[in-house]
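Descriptive analysis of the structure
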Amino acid sequence: MLQTLSDWFWWDHLWLPRNLTWDDLQDREGFVYAKISHLYITVLYALLLMVVRYFFERLIATPLAKVLGVKDQVRLKATYNPVLENFFVSNSKHPNKSQLEGLSKKCSYSVRMVERWFRRRRNQDRPSLMKKFREACWRCTFYLLAFIGGIAVLIDKPWFYDTWEVWVGYPKQTLLPSQYWYYIIELSFYLSLLFSIASDVKRKDFKEQIIHHLATIILLSFSWCANYIRVGTLVMVVHDSSDILLEFAKMLNYAGWKSICNSLFVVFAAVFIITRLVIFPFWIIHCTWVYPVHHYPPFFGYYFFNVMLVILQILHIFWAYLILRMLAKFLYSKLDGDDRSDKEECEESDEDEGMKNGTGARGSLSVNSQHAH
C-alpha cells in the first residue's frame, strides 16, 4: 500500500514535463542535479539554526538591545484569585459586561477591580519588548546575510538579468554548489520558523504566517525536486530584500527610536510595494507562467508551482493593504498605534500612575511596526 502511494506520488508526469523521467535527471556527463535526499538534512539544519538563534539572542541581541535602550515596562501582576483565574483559563480573557458583573459578585470585587484584574492578567502573558527585539534582531540578521548571499549567487548569472534564461535547457540544468547552499539554508530557516512559531511572539496575522511558512516550504521543496532551482533563487532574493527593512524598523521601534523607525517604515513600504506587488507578479510569476510553455507542454508541476506563487501573491496583497493603511495613518499624523500595539499594558501603567496622582488618566498607545513577512 505504502509503495503504491509512493509510486503514485513520485509519478514522473506529476513532477516533470512529458517524455521525461527521473532517470533523465541522474548525474551524468558533467551535470549534477538536485536530489530529494538532499532535503532531509534541512530538518537537522533547522534544529541547528534554533540552537544558533538561542545563543545569538542572548549573546548578541540582548546586549545590543541594552545599548540601544530597550526597556521593558514594569508589569503589575494580578493577585491570584481562583474564581477569576478559572474563568480566564476556561471561558474568556475578555469578559463582557454581564460576566464582569457576575464575577464581581462572586469575588466581592467592584466591576472596576475585576476589569483591572483581567487587564493585568492578560498583560502577564504578553511578550516583553526584549523578547520582541531579540526575535526581530535574529530575523533581520538572517535576512540581511541571506540577501547578500543571494545577490552573490545570482550576480553573475544571465537569468538574473534576463528571465528568459531561466528555462533555457530545462530541466537539464546542472546544480551549482552556491545554489545548493543558498537553497538548503533558506529552507532550513523557514523550517526553524515553523518549529518555533508556537513560542514566538503571536500576532494577529498568526494564521497568515503559518500559511506563508507552509507555502514557502512547499514551494522551495517542490522547486528543488522539479529542478526549478533558477526561478527559486529569484523568488528568495526578492522576498528577503524588504524583510530586512521591516525587521530593522521593528528593532528601532522597540528601542524607542520613533522618528527613525517611522522614516524607515516609509522606505520599507516603498520597497515592499515594488518587490511584492510589481517585481514578483510581473517579473517572477510572468516568468513561470508565460515562458515555460515555449519550451515544454504544461504539466501538473507547472500548474502546481504557479498556484503556490499565486497564494504567496494573495498574502502579499493582504499585507500591502495593512501597510498602506498604517502608512495613511502616519501621513495624516494619526499614527498613535496600530492593531498590534500593547494598548492594555500602557493603559494599565498610566492608570496606576493616574490613581497615585488622583487623576485616573488614560495612557497613549505605543507604536509597533506592522509585521508583514
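Presented here is an overview of the structure given in this document. Every value quoted in this text rests on a predicted model; they were computed, and no experiment measured them.

Description of the overall build of the protein chain
- If you tally the helices and strands in the protein chain, you get 13 helices and 0 strands.
- When its helices and strands are written in sequence order, the protein chain yields α-α-α-α-α-α-α-α-α-α-α-α-α.
- Every one of the 373 residues in the protein chain was classed for burial, and the buried ones make up 49%.
- In the protein chain, once contacts between residues fewer than 6 apart in sequence are set aside, the share between residues at least 24 apart is 82%.
- Of the roughly 18700 Å² of accessible surface on the protein chain, a fraction of 65% belongs to carbon and sulfur atoms.

What to know about the environment of Phe248
- Checked against the element boundaries, Phe248 lands in helix α10 (residues 229-254).
- Relative accessible area serves as the criterion here: at 37%, Phe248 is assigned to the partly exposed category.
- Separated by 109 residues in sequence, Phe248 and Arg139 have C-alpha atoms that sit 9.0 Å apart.
- Ignoring anything within four residues of it in the chain, the contact list for Phe248 reads Cys140 and Leu264.

What to know about the packing of aromatic side chains
- If you walk through the whole model with that rule in mind, you get 33 aromatic pairs.
- Relative to Phe222, the ring of Trp15 lies with its centre 5.1 Å away and its plane at 25°, an arrangement referred to as stacked. Taken together, the residues Trp15 in helix α2 (residues 12-15) and Phe222 in helix α9 (residues 206-225) connect sequence positions 207 residues apart. For the pair formed by Trp15 and Phe222, the shared burial category is buried.
- Measuring from centroid to centroid gives 5.0 Å for Trp167 and Tyr228, while their planes differ by 80°, and the two rings are edge-to-face. In this pair, Trp167 is assigned in the loop between α7 (129-154) and α8 (177-196) and Tyr228 in the loop between α9 and α10, connecting sequence segments 61 residues apart.
- Under the relative-accessibility criterion, Trp167 is labelled buried at 2%.
- The buried category is assigned to Tyr228, whose relative accessible area is 3%.
- Within the aromatic cluster, the residues linked to one another by ring pairs are Trp15, Trp167, Tyr170, Phe222, Tyr228, Tyr296, Phe299, Phe300, Phe304 and Phe305.

Some words on the side chain of Asp240
- Its place among the elements puts Asp240 in helix α10.
- No salt bridge is formed by the buried Asp240; its nearest oppositely charged neighbour, Arg276, is found at 6.8 Å.
- Excluding its chain neighbours within four sequence positions, the residues that come into contact with Asp240 are Tyr143, Ala146, Phe147, Tyr182, Glu186 and Tyr190.

Calculation notes
- Residues numbered from 1 in each chain as written.
- Predicted model: local features only at pLDDT ≥ 70, side-chain atom pairs only at ≥ 80, totals over all residues.
- Heavy atoms only, no water.
- Helix = DSSP H or I, 4+ residues; strand = E, 2+ residues; numbered from the N terminus.
- Buried < 20%, exposed > 50% of the residue type's maximum accessible area, 1.4 Å probe, protein only.
- Contact = heavy atoms within 4.5 Å.
- Areas by Shrake-Rupley, 256 points an atom, 1.4 Å probe, with all protein chains shown as cover.
- Phe/Tyr/Trp six-rings, centres within 6.5 Å; stacked < 30°, edge-to-face > 60°.
- Lys, Arg positive; Asp, Glu negative; His and termini not counted.
- Salt bridge = Lys/Arg side-chain N within 4 Å of Asp/Glu carboxyl O.

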